[in-house]
Amino acid sequence: MDEITGTYDVVVIGPHPDDVEMGMAGTVIRLVETGKSVLNICLTRGEKGTYGTTEIRRREFAAANKVLGSTPYMSDFPDTAVTVDQEGKLKIARMIREARPKIVFAPYHTNPHGHHDGAANVDHFATGLLVRDGVKLARFKSVMPEIPAHDVPYLYYYMVPKSKMPNIVVDVTSVIDRARDSILAYETQMAIQKQKNPILHTLDVLRSYYGLFIGVEYGEAFYSEEAISFGPTNFFGPSD
Ligand SMILES: [Zn+2]
């Protein structure tokens, strides 16, 4: 596996090519627009997907990141078998120490869905658990003493389960077309649309729904497990 070169303001982590785009493309685009450097880590190469080869999926991942403005990085976790074990946690901790972000995004970590639900891919929840533990291990100096420890100030979850109330919603109305374009870059995965599940429409409906939470046309939902401190940028600033 390659090393991550350079540091990033934000790291977004997904198990498969397309998860970050489907869950939070608009937020990535908005972060990049405000000057943040974003590293998009895909844990697997999507080799067990029904559609597309690993080479095609790698190309689609690169094309989607071009639309988002983020830097793509593909790791080598096994597709459909992302496992919550010490090896995986340490791999995440190493990536976090290399990239040294202020914010990390991961899929939500606990599955409340039935097995037919499209959101209930086992890798999604395993990734959330791995990242939560990996971010913690990244803080401990004695773990991998060869790389300086790093404390990630903020860890947020995307892919919030439908039964869970998000506590952060980002307005993505201004970038909704580009968010759609990043999802459409996954041509092989859009093949699923030809069956009975119109993915892009479903994602639009979800974003409209979460937009209602904050009174905008389109929103993306997140969950923070830690209290968010009010500061000059979100409460005590002059523009508030
Ligand atoms: Zn996925």
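The rules behind the values
Within each chain, residues carry numbers counting from 1 in the order of the written sequence. Totals for whole chains, interfaces and linings use all residues, but because this is a predicted model, local features are given only for residues with pLDDT of at least 70 and pairs of side-chain atoms are given and counted only at 80 or more. Side-chain measures here rest on the full set of heavy atoms in the structure, leaving out hydrogens and waters. Here a strand is any run of E in DSSP of at least two residues, a helix any run of H or I of at least four, and the numbering for each starts at the N terminus. Radius of gyration: C-alpha atoms only; globule rule: 2.2 Å multiplied by the number of residues to the exponent 0.38. Exposure is judged per residue with a 1.4 Å probe applied to protein chains only, and the accessible area is read against the type maximum: over 50% gives exposed, under 20% gives buried, and values in between give partly exposed. Distances define the donors: N, O and S atoms within 2.8 Å of the metal qualify, as do those within 3.2 Å of Na, K or Ca. Water is excluded, so some sites may look unfinished. Side-chain rings of Phe, Tyr and Trp (the six-membered ring for Trp) are treated as a pair once their centres are within 6.5 Å; stacked means planes under 30 degrees apart, edge-to-face means over 60, and tilted covers the remaining angles. Two limits define a charge over a ring: the Lys NZ or Arg CZ must be within 6 Å of the ring centre, and within 35 degrees of the ring normal. When DSSP finds at least two bridges between two strands, those strands are taken to pair. Call a crossover right-handed when, viewed with both strands pointing away from you, the route from the first strand across the helix to the second goes clockwise.

### Digging into the overall build of the protein chain
Across its full length, the protein chain carries seven helices and seven strands. Reading the protein chain from its N terminus to its C terminus gives the helix and strand order β-α-β-α-β-α-β-α-β-β-α-α-α-β. Computed over the C-alpha atoms, the radius of gyration of the protein chain is 17 Å, within 12% of the 18 Å expected from 2.2 N^0.38 for a compact globule of 240 residues. Counting across all 240 residues of the protein chain, residues that qualify as buried make up 50%.

### Side note on the coordination of the zinc ion
Geometry reference: four tetrahedral donors at a metal, ideal angle 109.5 degrees. Six octahedral donors, ideal angles 90 or 180 degrees. Taken together, the protein ligands of the zinc ion are His16 (ND1), Asp19 (OD), Asp19 (OD) and His124 (NE2), with distances of 2.1 to 2.4 Å. All donors of the zinc ion come from a single chain, and their spacing in sequence reads H-x2-D-x104-H. Both residues of the pair, histidine 16 and aspartate 19, count as buried.

### Brief notes about the packing of aromatic side chains
Geometry of an aromatic ring pair is reported as the spacing of the ring centres plus the angle between the planes. Tallied over the entire structure, the rule returns 10 aromatic pairs. Seen from their ring centres, phenylalanine 235 and phenylalanine 236 are 4.9 Å apart, and the 90 degrees between their planes marks the pair as edge-to-face. For phenylalanine 235, a relative accessible area of 42% translates into the label partly exposed. Given the relative accessible area of 61%, phenylalanine 236 is considered exposed. Taken together, the ring pairs in this structure connect Phe105, Tyr154, Tyr156 and Phe222 into an aromatic cluster. For lysine 91, the ring lying beneath its charged end belongs to phenylalanine 77, and the centroid distance is 4.4 Å.

### Observations concerning unusual backbone geometry
Even without being a glycine, methionine 144 presents a positive backbone phi close to 50 degrees. Relative to the assigned elements, methionine 144 resides in the loop between α4 (122–137) and β5 (154–158). Unlike most non-glycine residues, methionine 159 shows phi in positive territory, near 50 degrees. Note on placement: methionine 159 falls in the loop between β5 and β6 (168–171). Residue classification places methionine 159 among the partly exposed residues on the basis of a relative accessible area of 25%.

### Considering the pairing of strand β4 (residues 103–107)
Burial analysis of β4 places five of its five residues in the buried class, which makes it a mostly covered element. In β4, alternate side chains face the same way, and those of Ile103, Phe105 and Pro107 on one face and Val104 and Ala106 on the other are all buried. Sheet analysis places strand β1 (residues 10–14) next to β4, joined by three bridges and oriented parallel. Within the sheet, the bridge partner assigned to valine 10 lies in β4 and is isoleucine 103. When β4 meets β5, the two strands line up parallel, connected through five bridges. Looking at the pairing, alanine 106 lines up with tyrosine 157 of β5. Handedness of the crossover is the feature at issue here: the chain leaves β4, passes through α4, returns alongside β5, and the resulting connection is right-handed.

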